[in-house]
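# Fold and geometry: a report
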Amino acid sequence: MADTYDLVVIGSGPGGYVGAIKAAQLGLKVAVVEKRKTYGGTCLNVGCIPSKALLHASEMFAEAQHSFADLGIEVAPKLDLAKMLGHKDKTVKANVDGVAFLFKKNKIDGITGTGRIKAAGEVEVTGEDGTTRSLATKAICIATGSAVAGIPGVSVAFDGTTIVSSDDAIALKTVPQTMIVVGGGVIGLELGSVWHRLGAKVTVVEYLDKVLGPMDGDVSAQFQKMMLKQGLEFRLGAKVTAVEAADGGARVTFEPVKGGAAETLSADVVLVATGRKPYTEGLGLQEAGVALDGMGRVEIDAHYATNVPGIYAIGDVVKGPMLAHKAEDEGIALAEILAGQAGHVNYGVIPSVVYTSPEVASIGKTEEELKKEGVAYAVGKFPFTANGRARAMLHTDGFVKFLTDKATDRVLGCHIVGFGAGDMIHEAAVLMEFGGSAEDLARTCHAHPTLSEAVREAAFAAFAKPIHI
Ligand code: NAI
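Owing to the predicted nature of the structure, the values given are computational and were not obtained by experimental measurement. (Residues numbered from 1 in each chain as written. Predicted model: local features only at pLDDT ≥ 70, side-chain atom pairs only at ≥ 80, totals over all residues. Heavy atoms only, no water.)

### Notes on the domain arrangement of the protein chain
To be explicit about the condition: Reported domain spans reflect what an automatic or database domain assignment gives. The contact definition used throughout considers only heavy atoms, calling two residues in contact when any of these lie within 4.5 Å. Here, a salt bridge means any side-chain nitrogen of Lys or Arg that lies within 4 Å of a carboxyl oxygen of Asp or Glu. Throughout this description, a polar contact denotes any pair of N or O atoms lying within 3.5 Å of each other; where both atoms belong to protein, one of them has to be capable of donating a hydrogen while the other can accept it, and for residues adjacent in sequence the pair is counted only when both atoms sit in side chains. Lys, Arg, Asp and Glu make up the charged group, whereas Ala, Val, Leu, Ile, Met, Phe, Trp, Tyr, Cys and Pro make up the nonpolar group; the residues left over, Gly among them, are polar.
On domain assignment, one finds that the protein chain holds domain 1 (3-147 + 277-338), domain 2 (163-274) and domain 3 (352-463). Placing the centre of domain 1 and that of domain 3 at their C-alpha centroids yields a distance of 31 Å. Taken together, the contact pairs eight residues of domain 1 with seven residues of domain 3. Where domain 1 meets domain 3, there are zero salt bridges. Counting across the domain 1 and domain 3 interface gives one residue pair in polar contact (both at pLDDT 80 or more). Classifying every residue of the side of domain 1 that touches domain 3 by side-chain character gives three nonpolar, one polar and four charged.

### Observations regarding the site of the ligand
Quick note on the threshold: Being near a molecule or strand, for a residue, comes down to having at least one heavy atom within 4 Å of it. Shrake-Rupley sampling with a 1.4 Å probe provides the accessible areas, and residues are treated as covered by the protein chains on show and by no other component. Only DSSP runs of H or I covering at least 4 residues are called helices, and only runs of E covering at least 2 are called strands; the numbering of each starts at the N terminus.
Close to the ligand lie 22 residues; Ile187, Glu206, Val240, Gly275 and Val353 are nearest. Note that an oxygen atom of the ligand is positioned 3.3 Å from one of the backbone N or O atoms of Val186. One nitrogen or oxygen atom from the main chain of Ala273 is found 3.4 Å from an oxygen atom belonging to the ligand. For the ligand, whose unbound accessible area comes to 850 Å², protein coverage reaches 79%. Elements that contribute at least two residues to the shell around the ligand include exactly α6 (186-197) and β12 (238-246).

### So, the environment of Phe68
Filter applied, for reference: Whether a residue is buried, partly exposed or exposed follows from its accessible area with a 1.4 Å probe, protein chains only, as a fraction of its type maximum: under 20%, in between, or over 50%, in that order.
With respect to the helices, strands and loops of the structure, Phe68 is situated in the loop between α3 (48-66) and α4 (81-105). Phe68 sits in the partly exposed class, given a relative accessible area of 24%. The sequence separation of Phe68 and Gly310 amounts to 242 residues, and the corresponding C-alpha distance is 58 Å. Setting aside chain neighbours within four positions, we find Phe68 in contact with Glu63, Ile73 and Val75.

### What about helix α1 (residues 14-25)?
Basically, it comes down to this: Under the convention used throughout, the expected extent of a helix is 1.5 Å for every residue step, that is, one less than its residue count.
Spanning 12 residues, α1 covers 16 Å between terminal C-alpha atoms, matching the ideal 16 Å at 1.5 Å per step. Burial analysis of α1 places 10 of its 12 residues in the buried class, which makes it a mostly covered element. Buried residues of α1: Pro14, Gly15, Gly16, Tyr17, Val18, Gly19, Ala20, Ile21, Ala23 and Ala24, and no others. Along its buried surface, α1 packs onto β1 (3-10), β2 (30-34), α2 (41-45), α4 and α9 (324-338). Phi turns positive, to about 95 degrees, at Gly27, one or two residues after α1.

### Here's the deal with the nonpolar core
The line we're drawing: In this text, buried Ala, Val, Leu, Ile, Met, Phe, Trp, Tyr and Cys residues form a nonpolar core when linked through side-chain atoms within 4.5 Å.
Formed by 54 residues in total, the largest nonpolar core has its most connected members in Val30 and Ile142. Ranked by residue count, the leading element in this core is α1, at six residues. Residue contacts for Val30: discarding those within four places in its chain leaves Tyr5, Leu7, Val9, Ala20, Ala23, Ala24, Lys107, Ile108 and Asp109. In terms of nonpolar packing, the next biggest core, distinct from the first, is built from 38 residues, Phe61, Leu189, Leu191 and Val417 among them.

### Focus on empty space enclosed by the protein
Here is the rule: Using a grid of 1 Å spacing that covers the protein atoms alone, one calls a set of points a cavity when a 1.4 Å probe fits there but cannot get out, and a pocket when the set is open and has protein on both sides within 12 Å along at least five of seven lines; lining residues are those with an atom within 4 Å of a point. Grid points are joined across faces, edges and corners, and a volume is the space filled by probe spheres set on the points.
All told, the structure shown has one cavity of 30 Å³ or more when counted by the stated rule. Estimated volume of the largest cavity: approximately 30 Å³. Among the secondary structure elements, those contributing two or more residues to the lining of the largest cavity are β1, α1 and α9. It is α9 that contributes the most residues to the lining of the largest cavity, three residues altogether. Here the lining of the largest cavity is built from residues that sort into seven nonpolar, two polar and no charged.

### Looking at the layout of surface pockets
By volume, the second largest pocket is sized at about 600 Å³. Taken together, 20 residues line the second largest pocket, and the ones lying closest to its centre are His66, Ser67, Gln230, Ser357 and Asp397. Counting residues per element, the ones that place at least two in the lining of the second largest pocket are α3, α6 and α7 (217-230). Looking at which element gives the most residues to the lining of the second largest pocket, the answer is α3, with five residues. Its residues assigned to classes, the lining of the second largest pocket comprises five nonpolar, nine polar and six charged.

### Observations concerning the sheet that holds strand β13 (residues 249-256)
Cut-off, in case you're wondering: The pairing criterion for strands is at least two bridges between them, as found by DSSP. A fitted line through C-alpha atoms represents every axis, and for helices the fit uses only the stretch in contact; the resulting angles, taken between N-to-C directions, go from 0 to 180 degrees.
As summarised here, the arrangement of the three strands in space is β12-β13-β14, forming an open sheet in which the pairing is antiparallel. Of all the strands in the sheet, just β12 and β14 (263-267) have a single pairing partner and so form its edges. Here the average twist between neighbouring strands, direction ignored, is 25 degrees. Two elements, β12 and β13, share eight bridges in a ladder whose sense is antiparallel. Bridging from a neighbouring strand, Ala246 pairs with Gly249 of β13.

Laid out in structure tokens, this is it:
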């Protein structure tokens, strides 16, 4: 006799586990099927959380080396990599255990094994020992996330130590002397920063002629200058055509995108960070008749429903940015819809943060997008060099930039490069969620002295004039 549920979620990443908790809170009987031994998916186990533990620790190490002396603190920091990795592992454990606790608290059945959709209303789970059990359910949510995509058209033999993906780049046992990062996107710059701060000479090879491709042009240009100043090297407009093991390390061959002679660089470790792809393997989607789109993503309508009634999908496995918080919001919205409420995600107001030093945070439209759409816009910009708190903290790199509708002053986008950008961006997020204007923000009293005053000043700059510059 099969167990019977209102909702079976396949995958316990931020989309799946958050959606499951919300559904349980709304009174649904919920099970989550997870093939990893721990809950939390890529984000908690090998992605956002471990990388942030290493980014924080390596940032402290770099500050102790390069900035403490300017604050009158003399230290000679010494790296204990094993302990730093231990900090990362403890952080991961606390978070994945936290999800297990929340499942118990919300009476969600967490089931370890690989889920396969037999048909609408039935999920088969295969355990590690090969035994199977069947779950009967009113609704199925596919929340299986994404996997490392590799380099389009290039066969890469990942070996976990010299040719690595982000999964292994968070667990290198020694600091490589040299590292090549293929892909100047989010993962490449975050993990490239970690190993650079810990002592590796890092070269980023990127296809586009800019890093952080989708970001506002101003932001990526200034940010790249900051990364260069920190010591990272860049080969832009370079298409990687081969990654091979060689002489105990690996070599990368690339050619100018505009045409020209190919070049080869060697390093102890090559990190391939050229994107992720939706993970649908072994789910039985074809047999169940679930349609995919042209990019291999599960096709959904505005209510996360696939073409098969009773089967839904959220997160990295569907369209939209591959971001944990986007998946979480979709999980919540789907749970609300299944419970008969009005679930909704505002895709125009999803922040995006790169956790480098300084951080980069972005929400809404970029200047390039507004130009392309022919929108008449105003720009308000304010640098952290003119912010008192930033000076006191020696964190004067970067700026806040608002993009507003020229006629109405409504905020259309906000882009921040600077210390704490990932937290400050939410000031713009709330404002945009309420359709607010730059003047609304600028006329809101901000505590002094804070970095957030730069956000207010940039808002002032968009519709009038900033005070402190
Ligand atoms: P990405 O899409 O951000 O960057 C990949 C880069 O590789 C692109 O700039 C692309 O032009 C380049 N590339 C592709 N083929 C190439 C070739 N043959 N030669 C040279 N360069 C090439 O992908 P990434 O960094 O792997 O991240 C994967 C996903 O995970 C993204 O969707 C990202 O948003 C998400 N993520 C988000 C984080 C955050 O929000 N902080 C952190 C880590 C990942």
